[in-house]
Amino acid sequence: MSKLTLDRILHTQGFGTRKWCRQLIDSGEVCIDGIEFTDSKTPVETAGLEFTIYDELWTYREHVYIALNKPANFECSRKPSHHPGVLTLLPDQFTLRDVQPVGRLDHDTTGLLLMSDDGAFIHTQSSPKHHVPKVYVATTADPVTPELIDLLLTGVKLHDEPAPLAAETCRMIDENRLEIVLEQGKYHQVKRMLAAAGNHCAALNRSQIGNLKLADLDLAPGAWCYLDASQLALLTAPIDRVNL
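Conventions adopted
Residues numbered from 1 in each chain as written. Predicted model: local features only at pLDDT ≥ 70, side-chain atom pairs only at ≥ 80, totals over all residues. Heavy atoms only, no water. Phe/Tyr/Trp six-rings, centres within 6.5 Å; stacked < 30°, edge-to-face > 60°. Helix = DSSP H or I, 4+ residues; strand = E, 2+ residues; numbered from the N terminus. Buried < 20%, exposed > 50% of the residue type's maximum accessible area, 1.4 Å probe, protein only. Arc of directions from axis to C-beta. Contact = heavy atoms within 4.5 Å. Pairing = 2+ DSSP bridges. Axes fitted to C-alpha atoms, helices over the stretch in contact; angles between N-to-C directions.

With that out of the way, let us pick up the packing of aromatic side chains. For the structure shown, the criterion picks out six aromatic pairs. Ring plane angle 70° and centroid distance 6.0 Å describe the contact between Phe 15 and Phe 51, whose orientation is recorded as edge-to-face. Placement of the pair is Phe 15 in the loop between helix H1 (6-12) and helix H2 (18-26) and Phe 51 in strand E5 (residues 50-53), with a sequence separation of 36 residues. Summarising the burial analysis for this pair, Phe 15 and Phe 51 share the class buried.

Dropping the structure here:
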């Protein structure tokens, strides 16, 4: 990190245009270490920087990495069509700094969703060639059977897919719930695989990405948190497939 002018810092953090950020500073709404700054061209060291705007504390982040416990009936789109977008669950600053969902969950699918403004991170997490496993808990309309588990592990043929798709692992949780681990990330994959195997997905929750578990984040539906370095490392660490 390095020194940037204060108006540029606010702009990169999503507080508006450079002109609007200068107005915020000129009006005395920006403080660092309790000191009011009114010169927008003041060079400020970004490393470890904390500042307040309208008495709300913010930390400078070159990029943001966010985990959201997505509730049902929210769309993973910057231009939602039928339901509110997941970005409405975050502060406005994140929209202005171009935070995007990492991949997509259907509007009725709940659970762990990553969001970031780091293009390289989004690509790594989204690209099938990186083989990032994702763990889902599916509630089924009909009872889970050993035959259903076997079909999902062996592979089922989906329309428009050249070869059968199989789960990495799959296990029964109870009579109408199963845990399924996928790497491919195809459109509506869990729902389509269950349908192809002769069942129906009544509800779907993503509980884990890589080694990052939603349960460990302690997020209520609709709540979010920043991911720290140790949590980000869980997304790229070798996967303990025995305990998936």
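Past the structure itself, the notes keep going.
Moving on, we get to helix H6 (residues 189-196). Turn by turn, an α-helix covers 3.6 residues, leaving residues three or four places apart pointing in a common direction. Looking at H6, one finds that the buried residues are Gln 189, Val 190, Met 193 and Leu 194. Taken around the axis of H6, the buried residues stretch over an arc of 130°, which confines them to a single face. Among the structural elements, strand E10 (134-140), helix H5 (146-154), strand E12 (177-182) and strand E13 (201-209) are those in contact with the buried residues of H6.

What the four strands build is an open sheet, ordered E3-E2-E5-E6; its pairing is antiparallel. Strands at the two margins of the open sheet, each flanked by one partner only, are strand E3 (35-37) and strand E6 (56-59). Each adjacent strand pair in this sheet contributes to an overall mean axis angle of 35°, direction not counted. Across two bridges, strand E2 (residues 30-32) lies against E5 in antiparallel orientation. When the sheet's bridge partners are listed, Val 30 is paired in E5 with Ile 53.

In this section: the pairing of E5. Residues Phe 51 and Ile 53 of E5 are buried on one face, while the alternating residues Glu 50 and Thr 52, pointing to the opposite face, are not. Relative to E6, E5 runs antiparallel, the two being bridged by four bridges. Within the sheet, the bridge partner assigned to Ile 53 lies in E6 and is Glu 56. Counted between consecutive antiparallel strands, the loop separating E5 from E6 contains two residues, among which Tyr 54 sits at a positive phi close to 50°.

Counting buried positions over the six residues of E12 gives five, a clear majority of the element. Bridging between E10 and E12 involves six bridges; their strand directions are antiparallel. Bridge assignment links Tyr 136 to a residue of E12, and that residue is Ile 180. Bridge count between strand E11 (residues 169-174) and E12: five bridges; the pairing is antiparallel. Paired with Arg 171 across the two strands is Glu 179, which belongs to E12.

This brings us to H5. Listing the buried residues of H5 in full gives Leu 148, Ile 149 and Leu 152. Viewed end-on, H5 has its buried residues packed into an arc of 100°, placing them on one side of the element. Exposed residues pointing more than 90 degrees away from the buried face of H5 are listed as Pro 146, Glu 147 and Thr 154. Turning to H5, the residues buried within the fold contact E11, E12 and H6. Among the residues trailing H5, Gly 155 stands out with phi positive, at a value near 120°.

Quick look at unusual backbone geometry now. The phi dihedral of Asp 98 is positive, around 65°, even though this residue is not glycine. Counting through the fold element by element, Asp 98 comes out in the loop between helix H3 (92-96) and strand E8 (100-101). For His 188, which is not glycine, the phi torsion reads 50° and is therefore positive. Secondary-structure assignment places His 188 in the loop between E12 and H6. Taking relative accessible area as the criterion, His 188 reaches 27% and is therefore assigned partly exposed.

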